[in-house]
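Understanding the architecture of this molecule
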Amino acid sequence: MHVKKLGLLIALFMLFSISAGCSQNGMENNSKEEGFTVVTSFYPIYLATINVTKDVKGVETINMTKPQTGCLHDYQLTPEDLIKIEKADAFVANGAGMEAFLGDVLKQQKDLEIIDASQGIELIKDESGEENTHVWVSITNEIIQVRNIAEQLSSIDKVHSKQYKANADTYIGKLEILKAKMHQSLKNIKNRDIITFHEAFPYFAKEFDLNIIAVIEREPGTAPSPKELEATIKTVKDSGVKALFAEPQYELKSARVIANETGVKIYTLDPIVTGDADTGSYDEYITIMEANLKSLLEALE
Ligand SMILES: [Zn+2]
């Protein structure tokens, strides 16, 4: 809760007690009615969080960015974002370097409670030593994130801690089933080499023992240069890889060029960074992962 809001509540309480001789309970009721607002940074974190805050009375979860925003690489905050953050009692971030704008937010709003969903997750570094931020694409990490969100939220909003924990347990149960199913389905595939579209899949590949032999867009959101495209085409030809995985969030143009030049087939892998609805479907992470599994089996079996 904000200091400002608390101050207002205390002032109201004092007024009320003077006029009506109210007890301490009056204030507790007031603060409950006021509600608790959780703001999430972007779609996958929103999906994880709504499963933790689901059906908890008085707790509202808002996604800061639009559901079609995608990853927040180089994201610039908008005035609408700042208005949403202003309302937040807690802000849930992916962490691992995804929300580079958080420093600026904290300068304006020093008392904002930040939940770091990636706490304790071992980060994968690329060859230049840069840490990869797409941790949620591994189901194991998604489970850690859900647990982190529930635990950190519970310490900020203690009143609802039991419900947060129970919700997290239910959701994690579903994620464990999904993970087991995917391990089982993918364990006997002989061809484990894949090409992905942007740097979203190292955690996923590690989890399911797949080898990413090339990434088409090294810089997210930037089409590869002719030289980079040429190098990727050579890698694909040399490796004999059969499948290229595009992402629904990105244009297919460069993937098509590579497919035309090499004869590989284009399939889809979704890093779960966008969704269809503002409200989000609670199980969208699971349904998208199941579609990813289907796509992998089609491409690699
Ligand atoms: Zn990304």
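These notes cover the structure that comes with them. Since the model is a prediction, treat every value here as computed from it, not as a measurement. In this convention, every chain numbers its residues from 1, walking through the sequence in written order. Totals for whole chains, interfaces and linings use all residues, but because this is a predicted model, local features are given only for residues with pLDDT of at least 70 and pairs of side-chain atoms are given and counted only at 80 or more. To obtain the side-chain values, all non-hydrogen atoms of the structure were included, while hydrogens and water were left out.

**Some thoughts on the coordination of the zinc ion**
Convention followed: For Na, K and Ca the donor cut-off is 3.2 Å, and for all other metals it is 2.8 Å, counting N, O and S atoms only; because water is absent from this set, sites may look incomplete. For four-coordinate sites, all angles between 85 and 135 degrees define a tetrahedron; for four- and six-coordinate sites, opposite donors beyond 155 degrees with the remaining angles between 65 and 115 define square planar and octahedral shapes respectively, and all other cases count as irregular. What counts as a helix is a DSSP run of H or I of at least four residues, what counts as a strand is a run of E of at least two, and both are numbered from the N terminus.
Surrounding the zinc ion are the protein donor atoms Cys71 (SG), His73 (NE2), His134 (NE2) and His198 (NE2), which sit 2.0 to 2.2 Å from the metal. Its four donor atoms give the zinc ion angles of 99 to 123° at the centre, a pattern that matches the tetrahedral case. For the zinc ion, all donor residues lie on one chain, and their spacing in sequence is C-x1-H-x60-H-x63-H. Of this pair, histidine 73 sits in the loop between β2 (59-63) and α4 (79-87) while histidine 134 sits in the loop between β4 (113-116) and α6 (139-156), and the two are 61 residues apart along the sequence.

**Observations concerning the sheet that holds strand β1 (residues 36-40)**
Note the threshold: Strands qualify as paired when DSSP identifies two bridges or more between them. Angular values range over 0 to 180 degrees, each being the angle between N-to-C directions of two axes fitted as lines to C-alpha atoms, with helices fitted over their stretch in contact.
One open sheet holds the four strands; their spatial order is β2-β1-β3-β4, and the pairing between them is parallel. In this open sheet, the two strands that pair with only one neighbour each are β2 and β4. Adjacent strand axes in the sheet meet at a mean angle of 25° when their direction is disregarded. With five bridges connecting them, β1 and β2 associate as parallel partners. Across the sheet, residue threonine 40 finds its bridge partner in β2, namely asparagine 63.

**Observations concerning the sheet that holds strand β8 (residues 265-268)**
Test applied: Residue contacts are counted whenever heavy atoms from the two residues lie within 4.5 Å of one another.
One open sheet accounts for four strands, arranged β6-β5-β7-β8; its pairing is parallel. What marks the edges here is a single partner per strand, and that holds for β6 (211-217) and β8. On average, adjacent strands in this sheet sit at an angle of 30° to one another, irrespective of strand direction. One ladder, built from four bridges, connects strand β7 (residues 243-246) with β8; its direction is parallel. Residue alanine 243 lies in a different strand from β8, and its bridge partner there is lysine 265. Along the sheet, helix α9 (residues 226-239) makes contact with β5 (193-198) and β6, crossing β6 at roughly 155°.

**Comments concerning the packing of helix α3 (residues 43-53) against helix α7 (residues 161-186)**
Threshold: Each angle receives one of four descriptions, namely roughly parallel if under 35 degrees, roughly antiparallel if over 145, roughly perpendicular if within 65 to 115, and oblique otherwise. Here the term charged refers only to Asp, Glu, Lys and Arg, the term nonpolar to Ala, Val, Leu, Ile, Met, Phe, Trp, Tyr, Cys and Pro, and the term polar to all other amino acids, Gly among them.
Here α3 crosses α7 at 120°, and the two axes come no closer than 7 Å. Classified by the interaxial angle, the pair formed by α3 and α7 is oblique. On the side of α3, the interface is formed by Ala48, Asn51, Val52 and Thr53, while α7 contributes Gln163, Tyr164, Asn167, Ala168 and Tyr171. Broken down by class, the residue content of the contact of α3 with α7 amounts to five nonpolar, four polar and no charged.

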